[in-house]
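Geometric and topological summary
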Amino acid sequence: MADFEQIKGRLHHWYQANKRQLPWRETTDPYFIWLSEVILQQTRIDQGLAYFRRFTEHYPNVKLLANASEDEVLKLWQGLGYYSRARNLHQAAKTIAQQMNGNFPDTYNNIIALKGVGEYTAAAIASISFNLPHAVVDGNVFRVLARLFGIDTPIDSTAGKKLFGELAAELLDHHHPGLHNQAMMEFGALQCTPKNPNCTNCILNDCCIALQESKIDKLPVKQGKIKIRHRYFNYIVLTDDRHSYLQKRTGNDIWKNLFEFPLVEAGEKTEIDQVLKQLDQLGIPTESQILSVSNWQKQVLSHQHIHYRFIQLEQTSPKTDRSNLIRVDQKDIFKFAVPKPIEQKLAQLEWI
DNA sequence: CAGGCGTGGCC
DNA sequence: TGGCCAAGCCT
């Protein structure tokens, strides 16, 4: 039976031989490490890679990010999801630029104080950039530890977070915390995968409790089940002399601070007549004629299913004195950060 | 503190 | 196909 020292030694050796070459592994600059960690929260490397390149090109340092507008940052983030990450990233950049003279904080407590930085991200930056002994516990680490030690405490419970956090800290290599943390995560991502892990050819298959007890596909345990809420969005598409109209989503809801067509939301798939009755509230003339109505489509979010359709009205102008709508020239429309359904519609919009 | 927050890939 | 998962955080 392998002890902790042997386990971490094997993991480090495995990591050196099997790690992927990624741009954020070419540096320890905390700005770039932070950027990569925020982008990769709940996100696959394949999806986040292009965004990392995009952000580092546009904002080579934290001050340039701080000086950008939130609208511009959200536009760069468009398509990546969980947009609060972008808003918090921008706010944290402003904090660093204005209150810390552009110097990235170099202690765990100061790092975790940044907006959008929690225990995981703070530990990652502290260990990778500053060689500080903080163990990361992400989805990969939960899975590796749960299987290796045969732990069936739910990872999304308070007790589970405490238990796995303590175990990860115990296992941490205090001399090489950054290497150790990345080895744990990379091992989970490439070897000890959620489905069909490669146990036949695994450096830990002689000491893995889950494998010995045939519980690989039972661990880790998750208790949480999420409830899906269904919403119905009637998007009103207005075109007017090669212009269209958008509004900004505000308030604490999905897609906060992104732009969309004027919207009539309902609790079900209502008749068009019911939708038209509410146009007045948007500042759109209620006598507008309908040009086309799309089929219902569906956008799946983590906690909601958005059923949406597009209702295109005749060429008309909103009552500008009463509306929050933004009149946008066709050539400027792609400057706005929009959610996926709007992005797809804009790509095929027929301009009048 | 349990619930809310996007999108895409996998089987 | 629908459900699960992916380098979590905020309130």
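Everything quoted here is computed from the prediction, not taken from an experiment.

Moving on, we come to the protein's contact with DNA strand B. Residues in contact with DNA strand B amount to 21 residues; listed here are only the nearest, Tyr 83, Trp 255, Val 300, His 303 and Gln 304. Taking all atoms of DNA strand B within 4 Å of the protein, the share assigned to sugar and phosphate is 52%. Tyr 83 places a side-chain nitrogen or oxygen 2.9 Å from a phosphate oxygen of DNA strand B. Between a phosphate oxygen of DNA strand B and a side-chain N or O atom of Lys 340, the distance comes to 3.0 Å. Its residues assigned to classes, the surface near DNA strand B shows 8 nonpolar, 9 polar and 4 charged.

Attention now goes to the environment of Thr 56. Take Thr 56: it is sitting in helix α3 (residues 45-58). Separated by 25 residues in sequence, Thr 56 and Tyr 31 place their C-alpha atoms 9.5 Å apart. Beyond its immediate sequence surroundings of up to four residues, Thr 56 is in contact with Phe 32 and Leu 35. Side-chain polar atoms of Thr 56 contact the backbone oxygen of Arg 53, separated by 3.0 Å.

A few words now on helix α2 (residues 30-39). Burial analysis of α2 places 10 of its 10 residues in the buried class, which makes it a mostly covered element. Inspection of α2 places Pro 30, Tyr 31, Phe 32, Ile 33, Trp 34, Leu 35, Ser 36, Glu 37, Val 38 and Ile 39 among the buried residues, and these make up the whole buried set. Looking at the buried positions of α2, the neighbouring elements they touch are α3, α4 (62-67), α5 (70-77), α6 (84-99) and α8 (119-130). N-capping of α2 is provided by Asp 29, with a side-chain oxygen placed 2.8 Å from the backbone N of Tyr 31.

Glancing now at empty space enclosed by the protein. Within the structure shown, the criterion is met by 1 cavity of 30 Å³ or more. By volume, the largest cavity is sized at about 110 Å³. Residue lining of the largest cavity: 15 residues in total, with Phe 187, Cys 192, Cys 199, Cys 202 and Cys 208 positioned closest to the centre. With 3 residues, the single largest contributor to the lining of the largest cavity is helix α9 (residues 139-148). Classifying every residue of the lining of the largest cavity by side-chain character gives 11 nonpolar, 3 polar and 1 charged.

We now examine the protein's contact with DNA strand C. Taken together, 23 residues sit near DNA strand C, with Gly 116, Asp 138, Asn 140, Arg 143 and Pro 194 positioned nearest. Take the atoms of DNA strand C that sit within 4 Å of the protein: sugar and phosphate atoms are 71% of them. Within the side chain of Asp 138, one N or O atom sits 2.7 Å away from a sugar or linking oxygen of DNA strand C. Between DNA strand C and the protein, one listed contact pairs a phosphate oxygen with a side-chain N or O atom of Arg 143 at 2.3 Å. Its residues placed into classes, the surface near DNA strand C shows 7 nonpolar, 8 polar and 8 charged.

Turning our attention to the UniProt feature "domain: HhH-GPD" (unreviewed entry) in chain A. Sites flagged by UniProt as "domain: HhH-GPD" (unreviewed entry) map to residues 39-190. Along residues 39-190 one finds 66% helix and 0% strand; the C-alpha atoms at either end are 19 Å apart.

Okay, unusual backbone geometry next. Between Leu 219 and the following residue, Pro 220, the backbone shows a cis peptide bond with an omega angle of 0°. Counting through the fold element by element, Pro 220 comes out in the loop between α12 (209-212) and β1 (229-237). Residues other than glycine seldom take positive phi values, yet Ser 214 does so here, at roughly 55°. For Ser 214, the location among the structural elements is in the loop between α12 and β1. Judged by relative accessible area, which is 60%, Ser 214 ranks as exposed.

What counts, and at which threshold
Residues numbered from 1 in each chain as written. Chains lettered and ligands numbered in written order. Predicted model: local features only at pLDDT ≥ 70, side-chain atom pairs only at ≥ 80, totals over all residues. Heavy atoms only, no water. Near = heavy atom within 4 Å. Polar contact = N/O pair within 3.5 Å; in protein donor to acceptor, adjacent residues only side chain to side chain. Nonpolar A, V, L, I, M, F, W, Y, C, P; charged D, E, K, R; others polar. Helix = DSSP H or I, 4+ residues; strand = E, 2+ residues; numbered from the N terminus. Contact = heavy atoms within 4.5 Å. Buried < 20%, exposed > 50% of the residue type's maximum accessible area, 1.4 Å probe, protein only. 1 Å grid on protein atoms, 1.4 Å probe; cavity = no way out; pocket = protein on both sides within 12 Å on 5 of 7 lines; lining within 4 Å. Points joined across faces, edges and corners; volume = space filled by probe spheres on them. UniProt positions renumbered as here; feature names shortened; annotations may be inferred.

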